[in-house]
Amino acid sequence: MAYIVPRPKLTFAEKMYLPSIVAGMAITFKHLKRMLKGETKVVMQYPEEKWDSNMPEHYRGAPTLVKDDHGRERCVACQLCEFICPPRAITISPGEIPAENKFAKVEKYPVEFKIDMIRCIYCGMCEEVCPEQAIFLRKDYAITGTSRAEMVNDKEKLYEMGGVFDGLIHKWNPKK
Amino acid sequence: MDFIHSIPWFLIFASLAKTIFIIFLVVLPMVSYTVYAERRVSALIQDRVGPNRTGFPLTLLGFKKDFSPFLGGLGQPVADAVKFLLKEDFTPGHVNKPYFWLAPALAMMPALITLAAIPFGSVLDLDFLLIPLGHLFGAEWGHGPVKMIISDMNVGLLFMFAISSVSVYGIVLAGWSSNSKYPFLGGIRSTSQMISYELCMGLSAVPVLLVASSSGLSSIVNYQVAHGWLLLPFTDGSLTLREILLWIPIAIAFVTFTISMFAETNRLPFDLPESETELVAGYHTEYSSMKFALFFLGEYTAMIAGSALIVVLFFGGWHLPFIPDGSRGGFWGAIFGFVNITAFFAKVAMLLVVFIWVRWTLPRFRYDQLMKLGWLYLFEIALANIFLTAGILAFT
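Since this is a predicted model, take the numbers as computed values, not measurements. (Residues numbered from 1 in each chain as written. Chains lettered and ligands numbered in written order. Predicted model: local features only at pLDDT ≥ 70, side-chain atom pairs only at ≥ 80, totals over all residues.)

A. Geometry of the overall build of chain B. Scanning chain B for helices and strands turns up 14 helices and 2 strands. Relative to its length of 396 residues, chain B is compact, with a C-alpha radius of gyration of 23 Å against a globular reference of 21 Å. Referenced to the eigenvectors of the C-alpha coordinate spread, the extents of chain B come out at roughly 65 × 60 × 50 Å. Within chain B, the proportion of its 396 residues that are buried is 43%. Residue pairs at least 24 apart in sequence account for 76% of intrachain contacts in chain B once pairs closer than 6 positions are excluded. (Helix = DSSP H or I, 4+ residues; strand = E, 2+ residues; numbered from the N terminus. Rg over C-alpha atoms; globule rule 2.2 N^0.38 Å. Buried ≥ 20, exposed ≤ 12 C-beta atoms within 10 Å, placed from the backbone. Contact = placed C-beta atoms within 7 Å.)

Pasting the structure below:
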């Protein structure tokens, strides 16, 4: 059986249409007033307000290298991160630490450590695979450059971004 | 020599100065900032921020800092204008070129011409400046007060209606010469809409003419200065029974006139000629660059001319209560003259905000609803309103 939807009976005011225009304009004016008084929450005004304070703890930004509290670079150039990196963004040239260096027993260090930020996909596998806790994804997200060469972070830049990190692993300390 | 002396140089210069002042210094900047206000107010109504970035790039001129005034984004109209001028002016191959080129000019010009009949101020008497300045050059420059209206016709209202109806040609020609279906549909819609609502607009202005017993816009304003604004009759400090009775037909006339003004300027809720959701962009779909901008500017200039007409007819033109006009002469006379001009444009700006506010509140009418509203309701109401006004005038 067909069900017939009854047509709504409009009152005279509704047929006139003018009261609803006034009501609608009152609503839009309310929105305007709330915006002008700053009561409406609007989007982040990006260059003035930054994400930094609102960043979640687990955010994966640019990968960086860190030094330990003795100033030793934690990376031992094992190249695990280079091999695990899905987009092959990491390039390491390992070298031997000279005997007269006070960290000589660590044996290897990266002569060059390059991360191509055009390739990097911020997956965090390098951080996960690193046995030395030497590479960490930090919260840097606004990574820009005007050329491809500029987008490759070299060792100096990586340490500058990473800074000092006193990690859990201190296996080299007793042998120092 | 007699011929040169017989030329009314002062009138020519005064008219030129008034035209340049009102067109280039007031109305065109007002148009571009109305576009900015449109974007900003619509953003605020929709809980967005709107264009708040573009300042004035003073660093290009050697200054230390860019100038970005209080609200931000006030440089946006300038940037828009530069963009429109620099964009490629593309003419599609399938259009009818002469009419395609004529249409944008026809859309812009009538709106500008109608401004000639608008009394945008009382009188301005700059003799206190001009007489000493003339003595420097050994000439007699004083001329007494000058009326702040470019052309003071005693048929000003009819002139406005006549010229503003010409702007339909711009839209029709654009729609037809584009040789493309959506502009064509837009042009057809616009023709029927503007012709239908012109009737209603003309009829709803008749009660004002009856009350002020003149169709010259400056004499309508002078009537309102003497007897209080037509819509707010208490502004002259007194309220008679006749004024209270006349207020009813005047209010009806105001509503019908404003509604038909919205239809006449193709503004929402009556923007069927360019309804984006149905007709791409309506009659200016095929236009680009400055030709498109002329349609855009024409629409907003028509909005300003329409608001100015509403202010003149219903809100007392340049008059503010307790502020005299500029006819007393001297320094203070000139100041009052400028205050009157400012008051007029402030009223126009308020009406423009209402135009914008309505646009971002109401949805678009359906085409048959538009025609029904125009022909079956507004036309009859305006017609009956004339008899009501005449009756009240006859028996009070």
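B. Structural context of the overall build of chain A. Scanning chain A from N- to C-terminus turns up 5 helices and 5 strands. Shown N-terminal to C-terminal, the secondary structure of chain A runs as helices and strands in the order α-α-β-α-β-β-α-β-β-α. By the compact-globule yardstick of 16 Å for 176 residues, chain A is too spread out, its C-alpha radius of gyration being 29 Å. Across the 176 residues of chain A, 20% fall into the buried class. Looking at chain A alone, contacts between residues at least 24 apart form 71% of all its contacts between residues at least 6 apart.

C. Geometry of the sheet that holds strand E2 (residues 90-96) of chain A. Residues and elements named next belong to chain A. Spatially, the 3 strands line up as an open sheet ordered E2-E3-E5, and their pairing is antiparallel. Edge strands, defined here as strands with exactly one partner in the open sheet, are E2 and strand E5 (152-153). When strand E3 (residues 108-116) meets E5, the two strands line up antiparallel, connected through 2 bridges. In the strand pairing of E5, Ile 115 is matched with Asn 153. (Pairing = 2+ DSSP bridges.)

D. Examining the interface of chain A and chain B more closely. Every contact between the two is made by 10 residues of chain A and, on the other side, 10 residues of chain B. For the side of chain A that touches chain B, the residue count by class is 6 nonpolar, 4 polar and no charged. (Nonpolar A, V, L, I, M, F, W, Y, C, P; charged D, E, K, R; others polar.)

E. Examining the nonpolar core more closely. Grouped together as the largest cluster of nonpolar side chains are 98 residues, with contacts concentrated most on Ile304(B), Ile310(B) and Val312(B). Listed in part, the 23 residues of the second largest apolar core include Val66(A), Phe113(A), Cys120(A) and Leu158(A). (Core = buried A, V, L, I, M, F, W, Y, C linked by C-beta atoms within 7 Å.)

F. Focus on the pairing of E3(A). The pairing of E2(A) with E3(A) spans 7 bridges and is antiparallel. The residue of E3(A) that forms the bridge with Gly95(A) is Tyr109(A).

G. Region of interest: the domain arrangement of chain A. Domain annotation of chain A identifies domain 1 (13-42) and domain 2 (53-162). Once you take the C-alpha centre of each, domain 1 of chain A and domain 2 of chain A turn out to be 55 Å apart. (Domains from an automatic or database assignment.)

H. Up close: the confidence of the model for chain A. Per-residue confidence for chain A averages 85 on the pLDDT scale, and 94% of its residues sit at or above 70. Put simply, helix H1 (residues 12-16) of chain A is where chain A has its lowest mean pLDDT, 81, and helix H3 (residues 80-84) of chain A is where it has its highest, 92. (pLDDT = per-residue confidence, 0-100.)

I. Inspection of unusual backbone geometry at higher detail. Despite not being glycine, Arg88(A) shows a phi value in the positive range, around 55°. Note on placement: Arg88(A) falls in the loop between H3 and E2.

J. Main features of the environment of Ser275(B). All names here are of chain B. Tracing the chain through its elements places Ser 275 in the loop between helix H10 (241-264) and helix H11 (276-279). According to the C-beta neighbour criterion, Ser 275 is buried, with 21 such atoms within 10 Å. In this structure the C-alpha to C-alpha distance between Ser 275 and Gly 186, which are 89 residues apart in sequence, comes to 8.1 Å. In contact with Ser 275, not counting residues within four places along its chain, are Gly 282 and Arg 364.

K. Fine view of the confidence of the model for chain B. Model confidence for chain B is summarised by a mean pLDDT of 83, while 97% of its residues fall at 70 or above. Scoring the predicted complex yields pTM 0.79 and, for the interface, ipTM 0.75.

L. Quick peek at the environment of Thr235(B). Residues and elements named next belong to chain B. Secondary-structure assignment places Thr 235 in the loop between helix H9 (217-227) and H10. Judged by the 20 C-beta atoms lying within 10 Å of it, Thr 235 falls in the buried class. With sequence-adjacent residues up to four places away left out, Thr 235 is seen in contact with Gly 228, Trp 229, Gly 316 and Pro 321.

M. Summary view of the packing of helix H4 (residues 97-114) of chain B against helix H12 (residues 289-314) of chain B. Residues and elements named next belong to chain B. Between H4 and H12, the shortest axis-to-axis distance is 8 Å and the interhelical angle comes to 25°. It follows from the interaxial angle that H4 and H12 lie roughly parallel. Here H4 runs over H12; the crossing is left-handed. Along its contact with H4, which presents Pro 104, Ala 105, Ala 107, Met 108, Ala 111, Leu 112 and Thr 114, the element H12 presents Lys 291, Leu 294, Phe 295, Leu 297, Gly 298, Thr 301, Ala 302 and Ala 305. Its residues placed into classes, the contact of H4 with H12 shows 11 nonpolar, 3 polar and 1 charged. (Axes fitted to C-alpha atoms, helices over the stretch in contact; angles between N-to-C directions. Parallel < 35°, antiparallel > 145°, perpendicular 65-115°, else oblique. Left-handed = near helix turned anticlockwise from the far one by under 90°.)

N. Quick look at the environment of Leu124(B). All names here are of chain B. Within the element layout of this structure, Leu 124 appears in strand E1 (residues 123-124). Measuring from C-alpha to C-alpha, the distance between Leu 124 and Lys 147 comes to 6.5 Å, with 23 residues separating the pair along the chain. Every residue in contact with Leu 124, bar those within four places of it in the chain, is listed here: Pro 145, Val 146, Met 148, Gly 326, Ala 334 and Gly 337.

O. Representation of the packing of H12(B) against helix H13 (residues 330-359) of chain B within the structure. Residues and elements named next belong to chain B. Where H12 contacts H13, the axes come no closer than 9 Å and their chain directions differ by 115°. For the pair H12 and H13, the sense of crossing is right-handed. Of the residues in H13, those touching H12 at Met 303, Ile 304, Ser 307, Ala 308, Ile 310 and Val 311 are Phe 344, Lys 347, Val 348, Leu 351, Leu 352 and Phe 355.

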